[in-house]
Amino acid sequence: MMTKTRRMATILTILVLGIGSVFAAPASAGTASSTTAQATCTGSSSCWFTWGRITAGDCTLDGAKWTLFPNGSASFEARLVSSDSNDAWLMWVNLLDSAGVVLGPIHHGGNPKFVKGTVKNQWHWWFDAGSFDARFYDRINGMRMTSHC
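Residues numbered from 1 in each chain as written. Predicted model: local features only at pLDDT ≥ 70, side-chain atom pairs only at ≥ 80, totals over all residues. Heavy atoms only, no water.

### With respect to the packing of aromatic side chains
Stage number 1. Tallied over the full model, the rule gives four aromatic pairs.
Stage number 2. For the pair Trp66 and Phe76, a centre-to-centre distance of 4.9 Å together with 40 degrees between the ring planes defines the contact as tilted. In this pair, Trp66 is assigned in strand S4 (residues 59-68) and Phe76 in strand S5 (residues 73-82), connecting sequence segments 10 residues apart.
Stage number 3. Trp66 gets classed as buried once you look at its relative accessible area, which sits at 0%.
Stage number 4. With a centroid separation of 5.8 Å and 15 degrees between ring planes, the pair formed by Trp125 and Phe127 is classed as stacked.
Stage number 5. One aromatic cluster is present, built from ring pairs that chain together Trp66, Phe76, Phe114 and Trp126. (Phe/Tyr/Trp six-rings, centres within 6.5 Å; stacked < 30°, edge-to-face > 60°. Helix = DSSP H or I, 4+ residues; strand = E, 2+ residues; numbered from the N terminus. Buried < 20%, exposed > 50% of the residue type's maximum accessible area, 1.4 Å probe, protein only.)

Shown next, in the form of structure tokens:
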């Protein structure tokens, strides 16, 4: 039988989770996009993952490319545009093994979110760098990039 304190803690947890999901995204949030690319890094001096055109909300990312190195460093480049003023592209990247299991994120300074502001109707190159746990390099087979604008 559940004690009164434990029951109250359970109810409070459910309430907090429910309220948190209501406020998880801003009211003006655009559509999130999640895409996966595949490559095998095993035994290579570098490997790269590329995407074609990706849209999320008012933004378009074109020619995205992540290059990974055995030392755990990563570099990113793409072209970015928005049809609206004051937008920002938000991106989270996870490395996957051959079964599609998440090995870990690419991050910069411990933060797994990459952000780039846009200028209305002007294409810009976006160059960025990140890092990942180098122990996973030979197991990397895919990369999932989740984006939001």
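### Points about the pattern of salt bridges
Stage number 1. Within this structure, the stated rule accounts for three salt bridges.
Stage number 2. Of the charged contacts in the structure, one is a salt bridge between Arg53 and Asp62, with a shortest N-O distance of 3.5 Å.
Stage number 3. Using a relative accessible area of 54% as the deciding quantity, one classes Arg53 as exposed.
Stage number 4. Here Arg135 makes a salt bridge to Asp133, at a shortest N to O gap of 2.5 Å. (Salt bridge = Lys/Arg side-chain N within 4 Å of Asp/Glu carboxyl O.)

### Section: the side chain of Ser82
Stage number 1. Among the secondary structure elements, Ser82 is positioned in strand S5.
Stage number 2. Taking relative accessible area as the criterion, Ser82 reaches 2% and is therefore assigned buried.
Stage number 3. Within the structure, the side chain of Ser82 is placed 3.5 Å from the backbone oxygen of Asp58, a separation counted as a polar contact.
Stage number 4. If sequence neighbours within four positions are ignored, Ser82 has contacts with Asp58, Cys59, Asp87, Thr118, Val119, Lys120 and Asn121. (Polar contact = N/O pair within 3.5 Å; in protein donor to acceptor, adjacent residues only side chain to side chain. Contact = heavy atoms within 4.5 Å.)

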